[in-house]
Each structure stands twice: as C-alpha cells, then as structure tokens.
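Listed here are the chains, written in short residue letters.
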Amino acid sequence: MGDGGGRFGNGRGNRAPNMANRGRGQNVWQRDDAAQTSSNNMRGSGSQQSQQSGDRWEIAARESEQRRQEANSSLSGDQSSTKQSKERASSVVITIIEGNATYRDIEQEFNIAFGDSWRCTARAIAPNQYIMRFPTAREVERDVYYGSSMKLRTVDATVRLSTWTASVGAKATLQKAWVKISNIPLDKRCEANAFYVGGLVGISLELDASTLHKPEYVKVLIGCRDVELIPSSAEGCLGDNFYDSFYEIDKIMVGGPPKSSNAVTVGYSDAPSPKRARHEQSNTTTEESSENQAVGSQSESVRHHRQCENVVITDITNETGTQESDEDSAGGELLIETMARENEATTNADYVVQSPDVSAEDTKGDDREAPTDGRFSSRNLNNANVNIMDKVANVAKKRNLEGRKISLGSGDIARLWKDPVLESQPFCEQYPVLFDLCQAQDCTIKNCVDADFLIPFRRRLMGYNLPILIIPLQDMEYAHLAHTAALLLLLATTVVTAAVASQADALLAWKSSLGAPAVLSSWNRAAMPVICSSWRGVACDADGHAISLSLRGLGLNGTLDALNVAALPALAALDLNNNNFSGHIPASLSRLRSLAALDLGSNWFDGPIPPQLDNLSGLIDLRLYNNNLVGDIPHHLTRLPRIQHFDLSSNYLTNPPGYWGFSPMPTVQFMSLYLNYLNGSFPEFVLNSDNVTYLDLSQNIISGTIPDSLPVKLPNLMYLNLSVNAFSGQILASLSTLRKLQDLRIGDNNLTGGVPEFLGSMSQLRVLEIGGNPLGGSILPVLGRLKMLQLLDISSAGLVSTIPPQLGNLGNLYYANLSMNQLSGGLPPELAWMRKLREFCIWSNVLTGVIPPALFTNWPELKWFLVENNSFSGAIPPELGKAAKLEILYLFSNNLTGSIPAELGELVNLVELDVSTNQLEGELPATITSLRNLYYLALFDNNFSGTLPPDLGKGLSLVDVSFGNNNFSGELPQRLCDGLALQNFAANHNNFSGRMPPCLKNCMKLFQVLLEGNQFTGDISEAFGVHPSLDYLDISGNQLMGKLSSDWSQCINLTRLSMSSNRISGNIDATFCGLTSLQYLDLSNNQFTGELPSCWWKFRHLLFMDVSNNSFSGELPISTSLDLRLQSLDLANNNFLGVFPSVIETCRELSSLDLGNNMFFGDIPSWFGPSVPFLTFLSLPYNNFTGVLPPELSQLPYLEFLDLSSNSFSGEFPILMANNSCLLQSFHLAGNGFTGAFPPFLAGCDSLSTLDIGNNQFFGGIPKWNFSHVPLLRILSLKSNKFTGEIPSWISRLSQLQLLDMANNSLSGSIPVAFSNLTSMRHNLLPVVQPRVVHFTDKVNISWKSREQTFRETIELVTGIDISCNLLAGDIPKEITYLQGLRFLNLSRNSLSGSIPEKIGSLELLESLDLSCNEISGAIPPSISNLPSLSVLNLSNNRLWGSIPTGNQLQTLVDPSIYGDNPGLCGFPLRSCPSF
C-alpha cells in the first residue's frame, strides 16, 4: 500500500479485470465493485451495495446480442461467466463472524501462512467482509485451510472463508418467459424491432426466428424481475409511428419462488448446480434455466425421455369439484392421485365412503387399471393406476362388509358401514386429533348414527373447506355382504381433517424453531384449514396432504431438527435451497418414502450425510451441494434405484479407501462431486455409471492417470470436468473417441506431454480448457481445425513457442486465454480472422513487436483486450477507436511509447483502462472525457506531464483512478468525483499543486486515497473528514495546513492515516478518538501542540503510532486497558514529560519504542523488560532518565537496537543476553555515567554493526576478542572513557569497519600497522550500502572538522579514524596511507614521533587531517598538496621544519595557527622562507 506507484493492493500482480481471475497463480486485485457482497449475498440474499455498483461484466453479458448468440449455443450456460468463475477459483471471501479484525490483520495472518512466496492483499467489499487472492485455487480449498471458519492467530477474531462467485450480491434472479407479442406491423418485422418491442417490458434475450414473419405474433424470450408482472400492452415507437404492442405469456422458463401455487415440478435437469459463495464452478448455470442451457445439443428422444421422468405434484381440484386436466399431462407427466370435492347438488345416488387407511392396507396387491372417470388422473405418485370403484368393491369383499343407506339431511344419501368391534370404541381413542371436534369421550360410532348428532358434526367439518371423497355407487352390486361394519362418512371426513391439522401443527412447530421468520407469515393458525392454498411454499393433493414444500432462497435460519416429517407422509418434493440452514441433516428425512426430489443445496449444513437416505427408493433428484458436509460419502447412496441427478459438490466430503462399498449408478445422468476432498485414483463406481452425460469431479485431490477405459465406459459424455486435481501423465489420446463430448475441462492438474495433436480431430468441441498444467511444448497449428470451438484456455501451461497463425481459423471462438506462458514473437495478423472474438487474454508472456491495428478493426465484438505484462513496443494504435464494444483495455507493464491517441475517446463502452507502467508521455487527451462509462482509470508509472483535462470526471461515476508516479502538474480537476462514486484515488508523487477538489469531501464511498509527495495546499479538513468508508489516507509530504476538525470522527472505518511532513497545527480534539478502527497513525513532522486527549488510548486496534517532531507537551494519558495491540510507538522530539510512561506496561506486543528528545525523567521501572518481551527497537536518548538500569532488561531477547545515550544513567551495565542469544545490531550508551569494564556480553553479538559507548566511565583494557565475534561491526566508538592498554589486534581485522573513534582514553603502545587491513577504509569509492535487516536509522556522534556532529542518514558516507588524546607513541605507520577511503584522520594529542608518511597525498578523499600536539618531525611531504578535498588541517605543536608545500587546495587554508608551534616551518601562510 502506498508504494509510490498509485497501486491499490500489493504490487502489479494485484490488478486484473474484476470479471476474470486472469491467472491461476497470480495475485489479482479484485476491485470492490466486483465483489460488493457478504457471504449470504453470495448465496442469494442480495445487497443494496451490490445492486448499486454491480458486476458490470455480468450486466454486459445480458446484452441482447450476446444472449441471441448464446441461446443457440450447445454450451452449458453463459461461457463468459463460465470462464470468469473458473479463473476466480483462487479468490476468497473472508467474513468476520466473531470479534474484530482489519484488512491488515487478515493480510498478516495469511502472509504468515504463505511465507515469502506469496503476498496477500485483503480488499474490503462490505462491512466486516474482505476479498483476497490465494496463489491457486487448490490453496483455497486444500493446502491452507480445511474448514470454512478459522480463528485468527494475530488478533482475537474468527472469520469464515468462502470462495468468490460471479453472481455474488445479486438482488434477484432474472426470470424468463416466452412471450407472444402481437401488433408488430409486418413491414417492420426484423430482429432489431422485435427485440426493441420486447425490451419495452423487460430484457429481450432470444427471438424465435420461426415466428418472425408469423402474422399473429412474434415469440420473444423476455427476462425481468417478475414475469407475472409483464403488462398486457405497452406503447413503443417504430419508425415515425407509435404502436400498442400486446403481450401474452406463452411459457415461463425461469420463474420466481412459489407464492400460493399448489404445484411444483421436480426431476432431472441437465443444468449444473447453482453454486454458493464458497466457489462458483466454471460450468455453473441455474437449475431453473436448464431447459435453455442444457449441456450440448440433445436429441428429441433424450429430451422427451427426461421430460417423461419428471414428477409433477399438483392439486387439480377446482371450485366446482371437477378436475381440470393440465395440457401437459398428455406428455407423460406423473400425477399424484387427486380427489374431487363433494357434489353439493341434492341427488338420490348411493355413495361409499373411502377411508385412507383402508386404501393403504387393503388394496395392496390389487390389480389396478386406469379409471375412465375424467375427473381423476391416470397415475398416482407410485406410478400405479388405481380404479377407485374396483378398490371399494374389493375392500367390501375382503372385509365381508354390509352397508345400509341413511339420510344425512338436505336429501343426501350415504351408505354407512358398521363394525361391531369399532361400534363402541370412542372416536377420541381411535383418532386423538378429533378431540377438539368431538369433545364427548363417549362419542362412538353407534351414538353418531343418530342423524341429529351426525348432521351438525358433519357441517362443522365442512367449515374447513376440506374435500370429501364420495363415490357414486348406483351401478355397483355387492353379492356377499355379510355383516355390517366399516367407517362412517363422518369418520372418512374427519380423517382428512386430522391429517391436515397434523401437518399444519408440524409446520408451525418447525416455523417456531426458526424464529418465526416474517417470510413465513402466511403460516398461521388462522389459515390452518387452507394451508394448501395460502401457506407459502406448500402444495397439496386433493386430499389436503402436503406433497411439496418449496422455500428456496428465503434467507431462513435454523435447523431441520424440529421438522416432524412423520406428519408429511405424502411429501414428494422438499426444496430448501439457498437459505442459511445449519446443523446436521436429520436421518428422519429417510421416512419421507414418497420423496422424489430433495434439494438442500446452498446452506450451512454440516456433519455427515445420513446413510439412511438410501431408504428413499423413489428419489430421482438429490442436491446437497454447497454446504459444510464432512465425512465419507455414504456408499448406500449409490444404491438409490431411480436417482438421475446426483449433486454433492462443494462440501468437505471424503471417500473411503478404494471407494469401498460403492456401487455403479446406472440411472444417473448428472453427477457432480466437485470441490470436495476426494482422493485416490479415478473412482471406479463412476466409470461403471455408464449413463452419465454430465460429469464434474473438479477441485478434489484425485491423482494418478485418467483411466484409458473412460471413453469406453462413459460413451455418452457430453460434459467432462476433471480440472484442479492432481492427475498426471499425458492427456488421454482415447478421449478423441468421445464423439458426443462438447465440453472438455482438464486444467490445473499435473498433465504433461504437450498439447496433443489428436485434439485437432475433435471437431465437435465447444470448450477446451487444458491450462494450468505443465504441458510444455508449443501451440499446435491443428487447433485451428476446431471450427466449432467457442472457448479456448491454454493459460499457464509452460508453452514455449510463437502463436500459430492457424488459430485465426477459429471463426466461432469468443474467448481465448493463452496467458502466463513463454510465448514469444509478435501477434500474427491472421488472428484478425476470429471475428466473433470477445475476450482476448494473452497477458504475462514475452511477446514483442507492435500491437496489430487490424485486431481492432476486425474484431467488432471485442470486449476484453488483456495484453499486459509483455514487451510490446511502439505506440498505441489509433485504430483502437474502432473496437466500439470494448469494455476492458489492459496494456500495462509493456514498453509502449508515445502518447495516448485521441481516438481512445471513441470507446464509449469502455469501463476499465489501464496503461500504467509503460513509457508513455505527453498530456492526457481531452477526448478521454468522452468515455461516459469509464469507472477505472490507471495511468501510473509513466512519464505523463502537463495538466489533466479540467472536465475529467464531469458527469462520470469514476470509482478507481490512479495518476501516481508521473509528472502531472497543476490542480486536480475540480469535478473529478462528480458522480460521488470514487472509492480509490491515487495522485501520489507528481507535481500537483493548489487545493484539492472540494467534491472529495462528499465522496462517501472513498476507500483508499494516496496523495503523498505533491505540493497540495489549503485546509486539510476542507477536503477530508466525512468519509465513513475510508480505509487508507496518505497525504504526507505536502503543504497542507489547518486543524483536525471534529468531522474526522466520522471516519469510523479508517485504518491507516498518514499526514506526516505537512503544516497541520493546533490541538487534537477528543472527537479524534472516535477513529477506533485506526491501526496506523502518522502525524509526525507537523506543528501540533498541546496534550494528547485523555481518551487517546481508545485506539484499541492501533498498531503503529508516530507523533514525533511536533510540539506536543504534558504527560501521556493513562490507559485503562489491560491489553493494547500497539507494536510501534514513536514520541520523539516533542515536549512530553513525566516518569517512564505506564501505558507501555499494557503493550505486550510492542516491538519498537522511541521516547527520544523529550523531558521524561526518573528510573526505568523493573516491569519494563517482562512487559515488552518482543521489543526489537528501544530509543530513549536526550531525556533526564537516571539511576541504575534494572536487571530485568535481560528479558528482552529480541532486542536489535538500543539507544540510551545522553541521559544520566549510572552504575554497571547489566548483562543483557544471559543466554548468549544476542541479536543486537546497534548499541548506544554514549553520554551517561556508566562504569565498569567493557561490557563482556557484547562478545556474543555477532550481528553487531554499531557500538557506541563513548563519554562514560568505563575502564580497564579493551578485551582481546576474536574478530569473528563481531564480523559485521561498522562503527566502533569508545571515546572519552578510561580504557587503558594497547589497541587490540582484532580491531584491525574488522573488514566492515568504517568509523573508529577511541579518542580521549589512556591507550598506549603504537598505532597498529595492521590498520591497513581495514578493508572498508581502503577504497576511494562510495561504500556499498548493505540492505538492513530492521527498519531503523542508525546514528553516531563524532568530532568532525573540529566540531561534534551527529550523523544519521549520511552515516554510510563517513569513513575515518580518531585515536586522539591517548598515550600512543612511535611512528605513524606508512601503511595508514593505504586507507584511501578515509575522510577524516585524527591522531592528535599523543606522543607520536617520526615523520609524516610521504604518500599522505594518496588519501584523496581526506577532508580533515589533525596531527597536532605530537612529536612529529621532518618536512611536510609535498604530496599533501594533492589532497583536493582537504578543508581542515592541523599540524601545530610538532617539530616540523622546512617549507610548507603549495597547492590549489592548500592555498585555501589561510589560518597560520594550523602550522603553529613548529619553529622550523616557513612559507604561506607563515613567514616566507629565506632565500639561499
């Protein structure tokens, strides 16, 4: 973040179109508008934010022309969406479900997991929700985290992981219906006008071409939010006239959730399962659209066969009691047996009452023939024909019953059956549910024969509007009616009532366990008698038995534990898809013996799949996808005798070794097990399921080779997806025998052997995905034979070749991805023949040359042009403007030159433009303001100059804009954020000046803003402060003024704020503490004053705080928190005072602390060491600390930088590293009163680079270490102590040493000749700055040119020796002149003798030379005049004689004192030498 390039995210690899992953191994930046959703939104609940920003590529995918092309395609769904979903497999949505965490916490967590091989960047897409890219899709689901939720290690928070999906955040499903449109004039009949008229009431998706010139109507497939709301007429203009067009819905293809319908269709569907947020599979389509988007082109017989095996559950009872036949029933649909209402007309017909329990038990085994009565359907749910007349007769015969007629009143006649056994048994014991209707415990059949009791009882039942089965029997004869018995008309009626009441009670109890959701408000006791017509999602048969429960996509929460399935014995379809149900799938569902379709997909069910589900022998359709199911797949499920659609995908399921117990599934046609943890070799039971046409085993851990027998055993395959597994070997040559195969996806495996030539013979292929394998080799020209191919992906396949021109023969290709290979050469001009191409992805190769202009003139459908990360050169072709439909243009990271052509302004559909990191120059063309749909603009890392067009942004809704690292100047366009949609804005490191656009303050969606390194002026609070979504703001290095107003408290989500190096002043108001999300705060180098507010430590999430170099004063506020997360605290160079801050005791994670140059005083507390065990940087210089250091400082094992200089510490220095694990790199104790011997623990600090213990009271000899103890030592300062003895020899072997200061001690002996071995001082070049391990600026105080100076940033440029003021004697060794990198040399105030070395002039970089106050004699060597940089010279107080040499630089040294007290010297600037 804030890397100076205007990037939002971590580096170049993070930016890609938000509609495609553009690479399996690349860290892709998904912008916020591509994923404005939460985990629930991804599963269908929708979100307002998603609706506003949207996935623009999906909107584009719904354009009419594209829909027309795709409707006739035999591919499985929208292939642009397919590819995007495929490549998004490595994107993860991270939702905080417990605690608090920021994007920095999440990044840190996953960066630790991945190590240095990958850099994760979290991007906020909604409150408490982020999106992040993993290296590969396999990392998402297997290599990193094996659970959907995880506890973060670096912060107290729990997150849920789910995979990004393209349909995330959708507010509603697009419903579709074929609509007959009449009154379109025949002379105006054309595709465009038909689509226009259809578009008056929705989105025209497809035209039935056979009806285009049909006089009565034109049939158009129309999409809208609710097809039931399509008006019957609408007005539109055709030519110069207005017409009323009339609309009649012909057939609903994709409808909404059932409202009050009593019908539901279940059964086989060709469409793959719609996927939840955790991953959107590349082959995904919605099940509702399966009819339009089936896999491949199917024969009529296949379609008819599948239609005939659907189960349609329907209540066909009308108001008059007659049954209406559905026009589609003749097509062979299965219908539940239904019953008509009682005919209320007064007749004298005889009747038999049929009891449900009798029909269930006593008709078993009876011959069943289809009844001729038109009021009943042909078959019941069990696919058996029932002749109710014969059934009643058979029952009567078996039970030897005799009936008699009684009058029920109003002329009605019924036959009553009497049974002595039941005659005296109370109703309430036989049927407890009747107790409410029959309060008397002694209410028996015998008592109820009395008409006076029977009539009111029956009328009360009829108040519930329940159907009663009354069969006319006037034509029936009973020859052997033995004795009286059976059930009363009353009993039959009350049994139906009992069933309805029982299932209503069960559903109400379940609703209560779900928290009584509002979406089920129609489920209430007031409506209990009519649950079949008024309860949402409930459909019944004519007896009132619930046969379908469909609650899809209602956002329901809870479990199925409270659902009493025993009360729903007739249930044939249970659809709870796309909700938030959790818990285990109850085994009790196996009691629903009538169940034909079970859909629990897209929920949060966990635990194992109950094996008891194999009892559902009538199950045709089973969908458990997109849950959190674990454990082995029960082998029992493979024995379901009628199963056709089998989808367990997107879970955490495993398989037993060798798939033990699994059986072939001969009836299955659709099988999807993708995104689980299946391992081992290819499943044998799948190979033996020979009727499969759709097979998806992708995203598992299946290994080994693809079986050679696969094409033989699965000859009907039309769709095969084995991608993202661990298959090895070569691509199976026998795949060429699968003549029906149209969709082949085997990408992201370990397949080798190059692109096989046989692929060129599979002319039926529509989709070919073999990328993500280490295939190697080249792209074969034979691929140009695949004339039907529409999607080609060979990305990331290790290809090393040029692009064959034969690919231009792929005339139907609309998606081509050859990215992330080693393709070289140029783009063949023959590629321009692919005139249907819409998406061209060839990024991250080594392609060169110019971009052919013909591509833009011959690809009229082009929408994506992604050629970034190559080596294309030359100018951007002006012909680019001819690609009128272009939406995404990525040219970044190439070698393009010149300026942006003005023709770019003709791309009116362009939404994303990225030309960053090239060598483009000049001004931005004014025509760029014509791009009315542009929302992403990246120009950073170029050489653009001049001012920006003043109208840039006017009328636009720019979302992401980056001008960083250019030479732009002037003011920013004042209407840049006109649309108030701006989220990410970078103008950093330019020459912008003036005030920032005032509209910035009204951009409430601002997320990241990088403006550092410019010359902006004005009041900071006029542009910022009211941004509730703002996450990152860097305005450092400008000239902004003003104060922090109370408006800043509204930036409640701000995590990173950098205002350093401006002129902002005043106190910080207490309202600033409202920024409770802050993690990074840098207010350094400003003019702030006053005390920090008492609420300051409410920044509970703060990790980095720098308020240094201001004028803050007073004591630090006291923290009431027991645990602050602060890791870095910098208070240096202010006026803070008081004792050592107690707040530090609560910062256990603190790694860096700088209190330098303040007015703190007192002792260092003993709690300090144990309280900050992870401290690596400690700086306390220039304060008033006193006393002896506590021994607890030894409990800082990770300390790397320690600066206690310029205080008043005393006593001996404690042993810091008792366990010899010293990590110190920089050690500063100068300017205190420490005593004792040389700190011995330093011998174990083999990383030590700077050692400064000068100006103390240390004494004794310098220890005789082995130089290997401190091999990296660069700075050694022992000055102004009481060290004695000789200079140890190990110092001469410090190859990195550049500064040696041992002045003002009592060292004796001679100057070591071995000083010539100080390698870093021998070279007269600038030293090579080694990379630092930690981020701190070192320092040292030295006597530089006769003055004490502190060097910090330029310390690497200073090389020298100061051993003055000691007791050294002997000659100055000539070898010292080998140290040609010296910039200063001070040997003064010793007892040195001899002469100045003759080659002193070889020290060409020497700026300061002091040899004063010694016993040096002889003449000054003439070579001294060769020192071009010499500015300070002192040779006084010696015994020199002779003429002072002359030279250009020496003549500038005019002070005669520098040669004083040398009686024998003469010449300038002393007296003239005598002439002889």
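In every chain, residue numbers begin from 1 and rise along the written sequence. Reporting in this predicted model follows two pLDDT cut-offs: at least 70 for local features of residues, and 80 or more for side-chain atom pairs to be given and counted; totals over whole chains, interfaces and linings ignore these cut-offs and use all residues. Side-chain descriptors were evaluated using all non-hydrogen atoms of the structure, hydrogens and water having been removed beforehand.

Novice: What's the story with the state of the cysteines in this structure? I'm lost.
Specialist: Disulfides are covalent bonds that connect the sulfur atoms of two cysteines. When two cysteine sulfur atoms are found within 2.5 Å, that pair is recorded as a disulfide. If you walk through the whole model with that rule in mind, you get five disulfides. With a sulfur-sulfur separation of 2.0 Å, cysteine 532 is cross-linked through a disulfide to cysteine 540. With the S-S bond torsion at -90°, the cross-link from cysteine 532 to cysteine 540 turns out left-handed. On the basis of relative accessibility, which here comes to 14%, the residue cysteine 532 falls in the buried class. With its sulfur 1.8 Å from that of its partner, cysteine 1466 forms a disulfide with cysteine 1473. Across the S-S bond linking cysteine 1466 and cysteine 1473, the dihedral sits near 100°, which makes this disulfide right-handed. Throughout, exposure labels follow a simple rule: accessible area from a 1.4 Å probe, protein chains only, divided by the maximum for the residue type, with under 20% read as buried, over 50% as exposed, and the rest as partly exposed. A relative accessible area of 7% places cysteine 1466 in the buried class.

Novice: Just checking my understanding: could you explain the nonpolar core for this structure?
Specialist: Taken as a class, soluble globular proteins show a tendency for nonpolar side chains to be buried jointly. Among the nonpolar cores identified, the biggest contains 281 residues, and Phe865, Phe963, Phe1024 and Phe1227 are the most heavily contacted of them. The way it works is that DSSP assigns letters per residue, a run of H or I at least four long becomes a helix, a run of E at least two long becomes a strand, and they are numbered from the N terminus. Those elements giving two or more residues to this core turn out to be helix 16 (489-513), helix 17 (531-534), strand 19 (538-540), strand 20 (546-550), helix 18 (684-687), helix 20 (854-858) and helix 21 (1020-1023). Leave out the neighbours within four places in its chain, and phenylalanine 1024 touches Met996, Leu1000, Lys1001, Leu1006, Val1009, Leu1011, Leu1033, Ile1035 and Trp1048. By nonpolar core we mean a set of buried residues, namely Ala, Val, Leu, Ile, Met, Phe, Trp, Tyr and Cys, connected to one another through side-chain atoms within 4.5 Å. Counting 23 residues, the second-largest nonpolar core is a separate cluster that includes Ile94, Ala101, Met150 and Leu161. Here a residue-residue contact requires only that any non-hydrogen atoms of the pair lie within 4.5 Å.

Novice: I would appreciate a short explanation of the environment of proline 664 in the present structure.
Specialist: Looking at the secondary structure, you find proline 664 in the loop between strand 29 (652-654) and strand 30 (670-672). With residues near it in sequence (within four places) discarded, proline 664 still touches Thr638, Phe685, Asn688 and Ser689.

Novice: Looking at this model, I keep getting lost on the sheet that holds strand 29. Mind explaining?
Specialist: Adjacent strands of a sheet pair through backbone hydrogen bonds, lying either parallel or antiparallel. Read across the sheet, five strands follow the order 21-23-25-27-29 without closing on themselves; strand pairing throughout is parallel. At either end of the open sheet lies a strand with only one pairing partner, and these are strand 21 (557-558) and strand 29. Each pair of strands is called paired provided DSSP finds at least two bridges between the two strands. As defined by bridge partners, strand 21 adjoins strand 23 (residues 580-584) across two bridges and the pair is classed as parallel. Looking at the pairing, asparagine 557 lines up with asparagine 580 of strand 23.

Novice: It is not clear to me how the pattern of salt bridges should be interpreted in this structure. Could you clarify?
Specialist: A side chain of one charge can pair with a side chain of the opposite charge if their charged atoms are brought near each other. What makes a salt bridge here is a side-chain nitrogen of Lys or Arg within 4 Å of a carboxyl oxygen of Asp or Glu, nothing more. Tallied over the entire structure, the rule returns 16 salt bridges. Two residues, arginine 745 and glutamate 769, come together in a salt bridge whose shortest N-O distance is 3.2 Å. With arginine 745 in strand 36 (residues 743-745) and glutamate 769 in strand 38 (residues 767-769), this residue pair connects regions lying 24 residues apart in the sequence. Residue classification places glutamate 769 among the buried residues on the basis of a relative accessible area of 0%. Among the salt bridges present, the one from arginine 995 reaches glutamate 1022, with a minimum N-O distance of 3.3 Å. One end of the pair, arginine 995, is in the loop between strand 53 (991-994) and strand 54 (1008-1010); the other, glutamate 1022, is in helix 21, with 27 residues separating them in the sequence. Given the relative accessible area of 47%, glutamate 1022 is considered partly exposed. One connected set of salt bridges, linked through shared partners, spans Lys180, Lys219 and Asp250.

Novice: What should I look at first to understand the pairing of strand 60 (residues 1087-1090) in this one?
Specialist: For a regular strand, side-chain orientation follows a simple rule: the groups alternate between the two sheet faces. Relative to strand 60, strand 58 (residues 1065-1066) is paired through two bridges, and the arrangement is parallel. Bridge pairing links serine 1065 to glutamine 1087 in strand 60. Both strand 60 and strand 62 (residues 1111-1114) contribute to a ladder of two bridges, which runs parallel. Within strand 62, the residue paired with threonine 1089 across the bridge is serine 1111.

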